[in-house]
Amino acid sequence: GWSRADAKTITSTIVVKAGETYDGKGETIVAVGMGDGSQNENQKPIFKLEKGANLKNVRIAAPGCDGVHCYGNNTITNVVWEDVGEDALTVKGEGSVTINGGAAYKASDKVFQLNKACTFTVKNFTADGFGKVIRQNGGSTFKCTIYIENCTFKNGKECVARTDSKTTQLYYRNMSTSNVKTNWMFPSSSQIHTY
Ligand code: DGU
Ligand code: CA
Ligand code: CA
Ligand code: CA
């Protein structure tokens, strides 16, 4: 069920192994003792997805802590962050990461944080309340390739995507925004494409 009465309490990170899929079947997860959901950088992730691990059908309740850590080649399907903590999801290993379906609400700053070179795809997703939906780690120069497809972004204080890298490329189609300050903060508009 989806009700808070059914929520599953965790006190440590759920590690999903290579080649495995964690299917929450709609469960709501509440983290206790793993962080307060603020902008403090020392919170624990709710999930650690090893390289090649997948996650689906989970609602992450407040406090969102440090969200989901991805080590590459991960698919995240129908995951809802009810109240994003420090951030919602971080790419920590090279490879592809695909977010398909789901939503993220109430992010004080970043939703998706890209700390390694990756192909990062977000599709069929809603974010409502954020600073940036996608942020490549500040000052980094590696190349990310970002795809945004069939997404709705609302109430963004800064932008949809921001990078300092001159090699990162972003491709988007069927993206709708409302009350988002600006779409892109990239070194050059030539890095932004439709497809
Ligand atoms: O600013 O390393 O925000 O992974 C310096 C920090 C910062 C990271 C990042 C993250 O970039 O903490 O949450
Ligand atoms: Ca951070
Ligand atoms: Ca929040
Ligand atoms: Ca973080």
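Report follows, based on the coordinates. Everything numeric in this text was worked out from a predicted model, so none of it was measured. (Residues numbered from 1 in each chain as written. Chains lettered and ligands numbered in written order. Predicted model: local features only at pLDDT ≥ 70, side-chain atom pairs only at ≥ 80, totals over all residues. Heavy atoms only, no water.)

Let us now look at the coordination of the calcium ion (ligand 2). Surrounding the calcium ion (ligand 2) are the protein donor atoms E41 (OE), E41 (OE), E86 (OE) and E86 (OE), at 2.4 to 2.8 Å. Angles of 49 to 159° at the metal separate the six donor atoms of the calcium ion (ligand 2), which places the site in the irregular class. Here E41 falls in the exposed class, since its relative accessible area comes to 54%. (Donors = N, O, S within 2.8 Å, 3.2 Å for Na, K, Ca; no water. Tetrahedral: all angles 85-135°; square planar, octahedral: opposite > 155°, others 65-115°. Buried < 20%, exposed > 50% of the residue type's maximum accessible area, 1.4 Å probe, protein only.)

This part is about the coordination of the calcium ion (ligand 4). Bound to the calcium ion (ligand 4) on the protein side are D66 (OD), D66 (OD), E86 (OE), D87 (OD) and D87 (OD), at distances that span 2.3 to 3.1 Å. When the donors of the calcium ion (ligand 4) are listed by position in the chain, the intervening gaps give D-x19-E-D. The metal-metal distance between the calcium ion (ligand 4) and the calcium ion (ligand 2) comes to 3.6 Å, with E86 coordinating both. For the pair formed by E86 and D87, the shared burial category is buried.

This brings us to the pattern of salt bridges. Under the definition given, this model contains eight salt bridges. For the salt bridge of E82 with R59, the shortest nitrogen-to-oxygen distance reads 2.9 Å. On the criterion of sequence distance, the pair formed by E82 in the loop between strand 7 (74–81) and strand 8 (89–91) and R59 in strand 5 (residues 54–60) is long-range, its members being 23 residues apart. Accessibility expressed as a relative area gives 15% for E82, which makes it buried. When the shortest N-O distance is used, the salt bridge between R162 and E158 registers 2.6 Å. The structure contains a network of salt bridges with shared partners spanning D109, K132, E158 and R162. (Salt bridge = Lys/Arg side-chain N within 4 Å of Asp/Glu carboxyl O. Helix = DSSP H or I, 4+ residues; strand = E, 2+ residues; numbered from the N terminus.)

Okay, the packing of aromatic side chains next. Evaluation of the coordinates by the stated rule reveals ten aromatic pairs. Ring-pair connections join several aromatic residues into one group, and the members of that group are W81, F112, F120 and F125. Lying across the ring of Y71, K48 places its NZ or CZ 5.2 Å from the centre. (Phe/Tyr/Trp six-rings, centres within 6.5 Å; stacked < 30°, edge-to-face > 60°. Lys NZ or Arg CZ within 6 Å of the ring centre and 35° of its normal.)

Before going further, it helps to spend a moment on the pairing of strand 5. The pairing of strand 3 (residues 21–31) with strand 5 spans six bridges and is classified as parallel. By the bridge assignment for strand 5, Y22 is matched with L55. When strand 5 meets strand 7, the two strands line up parallel, connected through five bridges. Within the sheet, the bridge partner assigned to V58 lies in strand 7 and is V79. (Pairing = 2+ DSSP bridges.)

Below, the discussion takes up the site of ligand 1. Neighbouring ligand 1 are E41, E86, D87, K110, Q113, N115 and N137. E41 has a polar side-chain atom sitting 2.7 Å from an oxygen atom of ligand 1. N137 is positioned with one of its side-chain polar atoms (N or O) 2.5 Å from an oxygen atom of ligand 1. Contact with the protein chains removes 55% of the 330 Å² of surface that ligand 1 exposes when unbound. By residue class, the composition of the shell around ligand 1 is no nonpolar, three polar and four charged. (Near = heavy atom within 4 Å. Polar contact = N/O pair within 3.5 Å; in protein donor to acceptor, adjacent residues only side chain to side chain. Areas by Shrake-Rupley, 256 points an atom, 1.4 Å probe, with all protein chains shown as cover. Nonpolar A, V, L, I, M, F, W, Y, C, P; charged D, E, K, R; others polar.)

Moving on: the nonpolar core. Core analysis: the largest hydrophobic core is formed by 52 residues, its most contacted members being F47, W81, L89, F112 and F120. At eight residues, strand 11 (residues 118–136) tops the list of elements feeding residues into this core. If sequence neighbours within four positions are ignored, W81 has contacts with I60, G67, V68, I76, A88, L89, A103, A104, Y105, F112 and F125. (Core = buried A, V, L, I, M, F, W, Y, C linked by side-chain atoms within 4.5 Å. Contact = heavy atoms within 4.5 Å.)

Limitation: the analysis is restricted to geometry and does not speak to function.
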